[in-house]
Structure formats: C-alpha cells, structure tokens
Amino acid sequence: MIWLERLLAIAAKEGRQLARDRVTFGMIIGVPVMQMLLFGYAINFDVRDVDAAVLDQSRTSLSRQLVGDLQATQVLHIVREAGSERELSELMQRGVARVGVVITADLERRLFEGDRPAVQLLVDGSQPSLENLAQGLSSMPVLQRAATRASGARSFEIRTEYNPSRRTAVQIVPALIGTILTMTMVIFTSGAIVRERERGNLELLITTPVTRGQLLAGKLLPYVIIGLVQTTLILGVGRILFGVPMVGSFLDLYLGALVFIAAALALGLFISTLAQTQFQAFQMAFVTMLPSILLSGFMFPFEGMPAFAQGLAQVLPLTHFNEIIRGITLRGATITDMYVPLLKLVIFLAVMLSLAAARFRKRLD
Amino acid sequence: MTVAISARGLTRRFGAVIAVDGIDLDVPRAQIYGFLGPNGSGKSTTIRMLCGLLVPTRGTVNVLGYEVPREAETVRRKLGYMTQRFSLWDDLTVTENLDFMCRIFGLDSATRRARMEDRIRDYDLVSHANQRAGTLSGGERQRLALAAATLHDPELLLLDEPTSAVDPQNRRDFWENLFALVARGTTILVSTHYMDEAERCHRLAILDHGRIAAEGEPKQLARDIDATVIEIEYADLTSVRRVLASVPAVRSVAQLGNRLHVLVHRDAAEPERELRALLAGPCADARVERVGATLEDVFVAATSLRRVAGAERAA
C-alpha cells in the first residue's frame, strides 16, 4: 500500500501545483471552450451564398424557373446576369463570381433527351472546397426536378447516413475531443519532468525511495482527470451549441477517451525524458501536433492521402481515437466494435511508456 | 561498524575532464566529515556518486554497508540529501513540502504528524508553516531543506554546500543544528568552501582538482602542515612582498589585514631568522615571527604547494 500511497502523494502534489498555476489552469478549461467555438463555428464545409453569374442562352420560362430555384437554395447568390460567354469568363477571372451557370440554348431538348448535360457549372478551382460544392449542386433537387420533369428518372440516389443534414459540426465536434486532448495532454506533460529537472527538484526526488513507476504514473494521474473533464466539457458544449448527437454509450466513450488520454500523456512523458529544457519539450510537442491535426482524419479524409501519409497517420494516436469517437458518438458503435483502433491505441501507449521508462533513470548521468 | 562511508579509487570522468581522480575515503560514523575545496574541485561530483546519482567511472563505494550504485535504492531509505540548490517546491508551503516528503519516505500518518511538528519547531519554522517556500529567505529555505532531509531520521546526511546562500548568523545556527543531529548518532558529510565551517568538522578532506590534497582532523592538519608559517607585520607590506618574491624557500604569501602569512619550505632550517635578516635593510622594523598554522594555511599549503611541487617535477 505504501507503493500506492507514494504514487498518490506525487499525484496530489502535481495536482496542487497545477491548481496554483493559474495560467495553466485557465488553459485547461479555456483552451477547449475557445477551440470548440472557433472550430465549431468557423470551420464549415457547408458552403453558402457563393457569388455566381448566370449566362442564360435559353431564355425560356423553364430556364428562368431554374435560376430562381438555384437562388432559392441559398447555396448560390446570383450577382450578375452575363450577356455572353466572354463576359462570364471575365466576371470569373476578376473574382466577381466564383461560380458560373451556363444554361444552354436548347435546354428543354437536352433535358428531354437526357444524353447531354443541359446546364454547365463553371467553378473557380482556385478556391478550396468550391469544387465539392459544385459536385453537390449537380445532384441537387433543383436540377433533379428539371430533369425529372422532363425525363423521369435519376441515375443515383445519395443518402448521407449518421449525419443526414450533412452539418460539418457533427463531424468536427467529436473529432475535436481528440485534437484538444492532444494539445493539452502532450504539451502539459511534455514539460512535467523537464520542469522539475530545470528547477532542481528532480535531483532531490531521485535520491528518495520513490520508484520510476510511481514518479511517472503519479505525474500523469492528475492529467488523466483533467483529460476526462475536458472530454465532458467538449461533449457538453457540442451538445448545447451545435446539437451534436450522442448515439452510443457514454461508458464506451469514456473508456475510449481514457485509453487515448493515457496514450497522449505517455507521448508527452516520453518527450519530457528527451528534452533538456522546457522550451525544447514544447517544440517537440508542437512537432507532433501538426501531423496529428492534418493527418488524423480530423480535417481531411485519409482516402485522399498518399500511402506514406496514411502510414504516418497510423502511428498517430489521434487517428485511431477519431475512428473510435466518431464510431461511438455518431454511428452508435460499441467499444468492442472499435477493437481494432482501440488495440492500436493500447500498443502505442505500451510502446511510449516503455520508451519513457527506459529513458528515465534515477540518475543524473 | 564504525565507518559510514568508504570509497576506494573513486573516479569520475565527464568526457575528457576528470572531475574526481581516484580518491580514497573513510567517513567515521556519528561525526561531521567535511569536504573543503574550491568550486570545481570535485566535491559535488563525489557526493553525487556517494548517493548513487552518478555512476563512478572507476572505483568502489560502500555506504552504510551497502554497495553503491548497485544497492543505491536500499541506501536511499537511510540517507538524507540536501542539494546545493534549493530543491523543494517553491509553489508549495512549508507544511506541504514537509508532508509530501514524509509521504515519499512512506511514514505513517501518526509518525508524519509528529515528525513534521518536531521539525517545524526545531528548525524555527513555526511562523512560516503556511508560507510558500518560494517566498522564504535564504536562511529559512535552508532550514526547511534540512528539516525535509531529516524527516525520516536518516543515518547519514549528505549536505552539498548547504550554507552558500546564508548569512553568518544563520550559518552558526545551522551548525548548531548539525551538532544536535550528530549527538543523536547521525553521520554528516558536508561540503563547503568556508574555512570557519571546515574548522568545525570532526574530520576534513581538502579536495583539489579531484584529488584529496590533505585529510585528517582540522587541528592535526594544522600541526602536520607541510610548511613553516611565518607571520610578518609591517606598515608597507608591498615592499615586504617585493623582498619575499626573491626568496626561493617561500612557497606562498597571503595577506590578513596588516599581516602577511608566509609559507616556507619545511626543510628551511631557521626561516624566521633568514627572513628577518633579509628584511632588516629595506623594512627595518618589520615584526617577523613563526606562528601556528591556521586551516587557511593548511588549505593553501595543500592546494598550492602540491601544484608547485607538481610543476617542479614536470620540469
């Protein structure tokens, strides 16, 4: 029991110091809330009110109705009516319009025959995610309606499961749990050992009977609790502000989060044993951050990444956690359904802890 | 067993630098053993090897009957270590720091309460009990550090320059505390660069460039000094120095107020007569006398004379 008492003594000491460090404490609560608001509101893949110009070569009642419908979707905001193809291309080049809608002169015949496209969408490819928008528009009911009226059938039907209204927040917020946890967990623990080394506390601590395991685990324990608090905070804010659903069980979610928190902390701890100063530790933590955010599937789907990047993503704990968290919160999967990514997290945790323990000696040389 | 620490051929290299160079050490129990030496003489490195923080490049260490570093973990339960730099937590209060150290040493709650109360009282920390360590004065911090290092009643205390940031009054009080600990049977190894502190030790090793230049009881060391000490008192000491510079038997000259302490080769037959004769012309009424060596003379003799001797051998 002395073993556990020592561990708890270290944890209590860390917790007490943490509570007294107002800046850090503020960041623990402030960072998740700030990032939730920032990402939740600012990152939006649902593009709206894109400036568009129309070149209506048909000038029939059907073409006018089509333009009206496009406007009504609020996806496009028709700013100009172009008189010629040249004028349209000029408008786009100057950036007045991001999207050009060209309605061919034989609109009705094309719709009726159905073998050639009746409406052409010109999209400004220099702008990110506008192309997706055009893809979306082409399957939109407005064009479908015109087509249906004329020829009867659609070739594909797309239904978005688990996020029927296709709101970005639904995808982003659960993934934010992992991103925010990575930031706080890795950064805070990466400084944990180095700080005491810099301040000279470590030299005293390692001449006491405290063991490596007690020291490392004791330092992590308060952060595990902080991580769970942050998870709760993000889920709560996501629910209240963004209406993100929680389909699966909370117990499964917290189990997954617990393993991920431990993995992130172990990474931070390993960094802490490598760095000589807190500044170095911070830099190293930061180096692991960007790939985590960009490659973990938080923003961009893996499927589009080259094999090398996909391989790198496999090493990042955030990748597997995002898989787990989206599965549980949005698809209603259980933790046992998610055993593959969970197992990968456990392996990462074991490797990092072993590395940290191997690097950390109760010595100064 | 009467020896608390024994080391043989203890050596430590840092790259090309030899910090500790084959020292032999026997520290008797229930005494204060001092390491006297300038900065960089290997005091801290030796202490760190004794408590297992650094692994010796060569040599063996036995502390309280255990081989270090192999059995360092066992020794650590019986050892109190006070680092050169204050190493408790600035953002914890006096009580919190002590409580934490008690728990680390695995004291049960009754013992914990009793020891903390004792130490806070003994080391005059009552009025600071709830003050954060970071806001304590140098003397208070050092008392806190000693209190923390003795919470588990260690058999051996290793103190690495404990008084370097402390004023003279606090230093005296600190030494009173050390003697109280020794009276209860604790062995203390303390490093210092203050002569007055070295003088208080039961035994002393003078360290210089990683070697033990002299070892023994302070009084004995003064008696056995490898030089004759001549004291010269005169108004114009600069001209005396000028004369002395040309005397081959003179090993070193140090000024103490309006006196000079001159260390002369031991084999010089009657150095005071010789010096008196030399000074008779230029510094007529200079008072020249043979005196007993102080620890400072011992230190100078042990460190500088050896260096001169080494240089002569090399030449």
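Right, let's get into the overall build of chain A. Across its full length, chain A holds 16 helices and four strands. Looking at the 365 residues of chain A, the share that counts as buried comes to 42%. In chain A, once contacts between residues fewer than 6 apart in sequence are set aside, the share between residues at least 24 apart is 77%.

As a further point, take the interface of chain A and chain B. With 20 residues of chain A at the contact, the number on the chain B side is 22 residues. Counting only elements with at least two residues in the side of chain A that touches chain B, the list comes to helix H1 (2-20) and helix H10 (201-205) of chain A. Counting residues per element, the side of chain A that touches chain B draws most heavily on H1(A), which supplies eight residues. Classifying every residue of the side of chain A that touches chain B by side-chain character gives seven nonpolar, five polar and eight charged.

Okay, the environment of B:Leu260 next. All names here are of chain B. When you line up the elements, leucine 260 lands in strand S13 (residues 259-264). Accessibility expressed as a C-beta count within 10 Å gives 20 for leucine 260, which makes it buried. Leucine 260 sits 141 residues away from arginine 119 along the chain, and the two C-alpha atoms are 45 Å apart. Those residues in contact with leucine 260, other than ones at most four positions away along the chain, are Ile232, Leu237, Val240, Val253 and Gln255.

Taken residue by residue, chain B gives an average pLDDT of 90. The fraction at 70 or more is 96%. For this predicted complex, the interface confidence reaches an ipTM of 0.83, while the overall pTM sits at 0.80.

Attention now goes to the packing of helix H9 (residues 192-199) of chain A against helix H12 (residues 250-274) of chain A. All names here are of chain A. Put simply, H9 and H12 touch, their axes get as near as 7 Å, and they point 30° apart. By the angle between their directions, the pair H9 and H12 is classed as roughly parallel. For the pair H9 and H12, contact is made by Ala192, Ile193 and Val194 and by Leu269, Ser272 and Thr273, respectively.

Residue and element names in this part refer to chain B. The strand order S6-S7-S8-S3-S9-S10 describes an open sheet built from six strands, whose pairing is mixed. Looking at the sheet topology across the chains shown, the edges are occupied by strand S6 (79-82) and strand S10 (211-216). Between one strand axis and the next, the sheet turns through 15° on average, direction left out of account. Where strand S3 (residues 32-36) and strand S9 (residues 203-208) come together, four bridges link them in parallel fashion.

In this section: the domain arrangement of chain A. Under the domain assignment, chain A is made up of domain 1 (2-43 + 167-359) and domain 2 (50-151). The straight-line distance from the C-alpha centre of domain 1 of chain A to that of domain 2 of chain A is 47 Å.

Let us now look at the environment of B:Thr187. All names here are of chain B. Among the structural elements, threonine 187 can be located in strand S8 (residues 187-192). Each C-alpha atom of the pair threonine 187 and alanine 30 lies 4.2 Å from the other, and the pair is 157 residues apart in sequence. Once residues within four sequence positions are removed from consideration, threonine 187 is found in contact with Ala4, Val27, Arg29, Ala30, Gln31, Glu155 and Leu156.

What follows is about H1(A). The α-helix advances 3.6 residues per turn, and as a result positions three or four apart in sequence lie on the same side. The end-to-end C-alpha distance of H1(A), which contains 19 residues, comes to 27 Å, matching closely the 27 Å that a straight helix rising 1.5 Å per residue would cover. Buried residues of H1(A): A:Arg6, A:Leu7, A:Ala9, A:Ile10, A:Ala11 and A:Lys13, and no others. Where H1(A) is buried, its residues meet helix H11 (212-242) of chain A together with helix H3 (94-104) of chain B.

Further remarks concern unusual backbone geometry. Trans peptide bonds make up most of the peptide bonds, and negative phi angles are found at most residues other than glycine. Residue and element names in this part refer to chain B. The peptide bond linking valine 68 to proline 69 adopts the cis configuration, its omega dihedral lying at 10°. Summarising the element assignment, proline 69 is placed in the loop between strand S5 (66-68) and helix H2 (72-76). The residue alanine 30 is not glycine, and still its phi comes out positive at about 55°. Relative to the assigned elements, alanine 30 resides in the loop between strand S2 (17-28) and S3.

Let us now look at the pairing of S6(B). All names here are of chain B. Side-chain alternation along S6 places Leu79 and Tyr81 on one buried face and Gly80 and Met82 on a second face that is also buried. Two elements, S6 and strand S7 (residues 156-160), share four bridges in a ladder whose sense is parallel. Residue pairing in the sheet places glycine 80 in a bridge with leucine 157 of S7.

Here we take up the confidence of the model for chain A. Per-residue confidence for chain A gives a mean pLDDT of 82; residues scoring 70 or more make up 87%. Counting interchain partners and residues more than four positions distant, the pLDDT-below-50 stretch residues 150-155 of chain A has eight contacts.

Right, let's get into the domain arrangement of chain B. Residues and elements named next belong to chain B. Splitting chain B by domain gives domain 1 (3-217) and domain 2 (223-314). In this structure, domain 1 and domain 2 have C-alpha centres spaced 36 Å apart. Across the contact, nine residues belong to domain 1 and eight residues belong to domain 2. Every element with two or more residues in the side of domain 1 that touches domain 2 is listed here: helix H7 (195-200), S9 and S10. When the residues that make up the side of domain 1 that touches domain 2 are grouped by side-chain class, the tally is six nonpolar, one polar and two charged.

Residue and element names in this part refer to chain A. Burial analysis of strand S1 (residues 50-56) places five of its seven residues in the buried class, the great majority of the element. Relative to strand S2 (residues 76-81), S1 runs parallel, the two sharing five bridges. Opposite valine 54, over in S2, you have glutamate 81 as the bridge partner. For the handedness criterion, the β-α-β arrangement of S1, helix H3 (residues 61-72) and S2 is classed as right-handed. Two strands pair when backbone bridges link them, and S1 and strand S3 (residues 99-103) are joined in this way by five bridges, in the parallel orientation. Counterpart to aspartate 56 in the pairing with S3 is isoleucine 103.

So, on to the environment of B:Asn62. Residues and elements named next belong to chain B. Among the secondary structure elements, asparagine 62 is positioned in strand S4 (residues 58-63). By the C-beta count within 10 Å, which is 19 here, asparagine 62 ends up partly exposed. Separated by 203 residues in the primary sequence, asparagine 62 and histidine 265 place their C-alpha atoms 38 Å from one another. Those residues in contact with asparagine 62 that lie beyond four places of it in its chain are Ser6 and Glu67.

All names here are of chain B. With twelve residues, helix H5 (residues 138-149) should reach 16 Å at 1.5 Å per residue; the first-to-last C-alpha distance of 16 Å fits that figure. Buried residues dominate H5, accounting for ten of its twelve residues. Buried within H5 are the following residues: Glu140, Arg141, Gln142, Arg143, Leu144, Ala145, Leu146, Ala147, Ala148 and Ala149. Those residues of H5 that are buried lie in contact with S6, H3, helix H4 (109-122), S7 and helix H6 (168-183).

Scoring rules and cut-offs
Residues numbered from 1 in each chain as written. Chains lettered and ligands numbered in written order. Predicted model: local features only at pLDDT ≥ 70, side-chain atom pairs only at ≥ 80, totals over all residues. Helix = DSSP H or I, 4+ residues; strand = E, 2+ residues; numbered from the N terminus. Buried ≥ 20, exposed ≤ 12 C-beta atoms within 10 Å, placed from the backbone. Contact = placed C-beta atoms within 7 Å. Nonpolar A, V, L, I, M, F, W, Y, C, P; charged D, E, K, R; others polar. pLDDT = per-residue confidence, 0-100. Axes fitted to C-alpha atoms, helices over the stretch in contact; angles between N-to-C directions. Parallel < 35°, antiparallel > 145°, perpendicular 65-115°, else oblique. Pairing = 2+ DSSP bridges. Domains from an automatic or database assignment. Expected span 1.5 Å × (residues − 1). Right-handed = clockwise from strand over helix to strand, strands pointing away.

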